[in-house]
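Residue-level structure breakdown
Single-letter residue listing:
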Amino acid sequence: MTFDKPAMALQWAIFSFMPESGLLESKNTAHYLGMELASNILLPLTTELALKGLKQREIPDCEVLRTHDLLRLFRSLSPETRASLSTRFMEYVSDDSNIWPKPASLLAFLEEHRNDFVEWRYLEGNLHGLSSAKSAFHYCIGAVLDEVYSD
C-alpha cells in the first residue's frame, strides 16, 4: 500500500470541512463541531500518511514504521529529504501572514505536534493547540506531498 494517495484524499476532505471553504455550509452547531473534530483528528493522520508515503518514495521496499509519532517519521527520512522538506515548509509558512505564531522550523512544528493524532482521537491532551495549527498542518501536508511528487 502506498500512503501518499490516501493523504491527498484526506487533505481534500479536511479542506471541505473548513467553514471558509464554503463546500459544507451548515448553521447547525453540532454539524460545525463535528467538522471541527473530524478535521482536528484528520490533520495529523494525513501528515502521518504523507510522511510514510515520502519514506516509501525514498526506499520503495522499506518496512514502514508502525507509529503515529510525526517527529519519529520525519527523523526516519534521509538528511537530504529532511532538509529539502524543511526548506519547502518554511517557504510556504513564511508567505502566509495569517499564521500566528509562526513555527520556528518544521522540526519544531513536528516536535510540538508529534502525538496530536493520538491525543485528538481520544480527546485528550492539548486540544486547543491543534486548532491554532491548522494552517501550518496544511502547509506541512502540502510540503510533504510536493516532495513526494517532485522530480
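Note that the structure is predicted; figures quoted are calculated from it, not measured.

Observations concerning the overall build of the protein chain
- Counting its secondary structure elements, the protein chain contains eight helices and zero strands.
- When the helices and strands of the protein chain are listed from N to C terminus, the series reads α-α-α-α-α-α-α-α.
- Out of the 151 residues in the protein chain, the part that is buried amounts to 42%.
- When contacts within the protein chain are restricted to residue pairs at least 6 apart in sequence, long-range pairs at least 24 apart make up 64% of them.

Considerations on the pattern of salt bridges
- Inspection of every chain in the model, using the stated rule, returns four salt bridges.
- Across the salt bridge formed by Lys52 and Glu48, the nearest N and O atoms sit 2.8 Å from each other. In this pair, Lys52 and Glu48 are both assigned in helix H2 (residues 29-58), four residues apart and thus about one turn of the helix distant.
- Its relative accessible area of 8% is what places Lys52 among the buried residues.

Here's the deal with the nonpolar core
- One finds Leu85, Leu106, Phe109, Leu110 and Val144 to be the most contacted residues of the largest nonpolar core, which totals 33 residues.
- Those elements that provide at least two residues to this core are helix H1 (4-17), H2, helix H3 (70-75), helix H4 (79-94), helix H5 (106-112) and helix H8 (134-148).
- Looking at which element gives the most residues to this core, the answer is H8, with eight residues.
- Excluding anything up to four places from it in sequence, Leu85 contacts Leu51, Leu54, Phe74, Leu77, Leu106, Ala143, Val144 and Glu147.

What to know about the side chain of Asn40
- Structurally, the position occupied by Asn40 is in helix H2.
- There is a polar contact of 3.4 Å between the side chain of Asn40 and the side chain of Lys134.

Section: the packing of aromatic side chains
- Going through the model one piece at a time under the given rule, you end up with three aromatic pairs.
- Three or more aromatic residues joined by ring pairs make a cluster, and in this case those are Phe89, Phe109 and Phe137.
- It is Lys52 that lies over the ring of Phe3; its NZ or CZ is 5.7 Å from the centre.

Thoughts on the environment of Leu73
- Here Leu73 shows up in helix H3.
- For Leu73, a relative accessible area of 4% gives the class buried.
- Considering only alpha carbons, one finds Leu73 and Leu49, 24 residues apart in sequence, at a separation of 9.7 Å.
- Leu73 has contacts with Glu48, Leu51, Lys52, Leu65 and Thr67, leaving out every residue within four places of it along the chain.

Details of H4
- In a regular helix each residue adds 1.5 Å, so 16 residues correspond to 22 Å; H4 covers 22 Å between its end C-alpha atoms and thus fits that length.
- Those residues of H4 lying buried are Thr81, Leu85, Phe89 and Val93. Seen end-on, H4 carries its buried residues on one side only, within an arc spanning 90 degrees.

So, the packing of H4 against H8
- At a minimum axis separation of 9 Å, H4 and H8 run at an interaxial angle of 135 degrees. Compared by their axis directions, H4 and H8 come out oblique. As H4 runs across H8, the sense of the crossing is right-handed. Together, Thr81, Ser84, Leu85, Arg88, Phe89, Tyr92 and Val93 of H4 and Ala136, Tyr139, Cys140, Gly142, Ala143, Val144, Asp146 and Glu147 of H8 make up the contact between the two elements.
- A breakdown of the residues in the contact of H4 with H8 according to their chemical character gives nine nonpolar, three polar and three charged.

Calculation criteria
Residues numbered from 1 in each chain as written. Predicted model: local features only at pLDDT ≥ 70, side-chain atom pairs only at ≥ 80, totals over all residues. Heavy atoms only, no water. Helix = DSSP H or I, 4+ residues; strand = E, 2+ residues; numbered from the N terminus. Buried < 20%, exposed > 50% of the residue type's maximum accessible area, 1.4 Å probe, protein only. Contact = heavy atoms within 4.5 Å. Salt bridge = Lys/Arg side-chain N within 4 Å of Asp/Glu carboxyl O. Core = buried A, V, L, I, M, F, W, Y, C linked by side-chain atoms within 4.5 Å. Polar contact = N/O pair within 3.5 Å; in protein donor to acceptor, adjacent residues only side chain to side chain. Phe/Tyr/Trp six-rings, centres within 6.5 Å; stacked < 30°, edge-to-face > 60°. Lys NZ or Arg CZ within 6 Å of the ring centre and 35° of its normal. Expected span 1.5 Å × (residues − 1). Arc of directions from axis to C-beta. Axes fitted to C-alpha atoms, helices over the stretch in contact; angles between N-to-C directions. Parallel < 35°, antiparallel > 145°, perpendicular 65-115°, else oblique. Left-handed = near helix turned anticlockwise from the far one by under 90°. Nonpolar A, V, L, I, M, F, W, Y, C, P; charged D, E, K, R; others polar.

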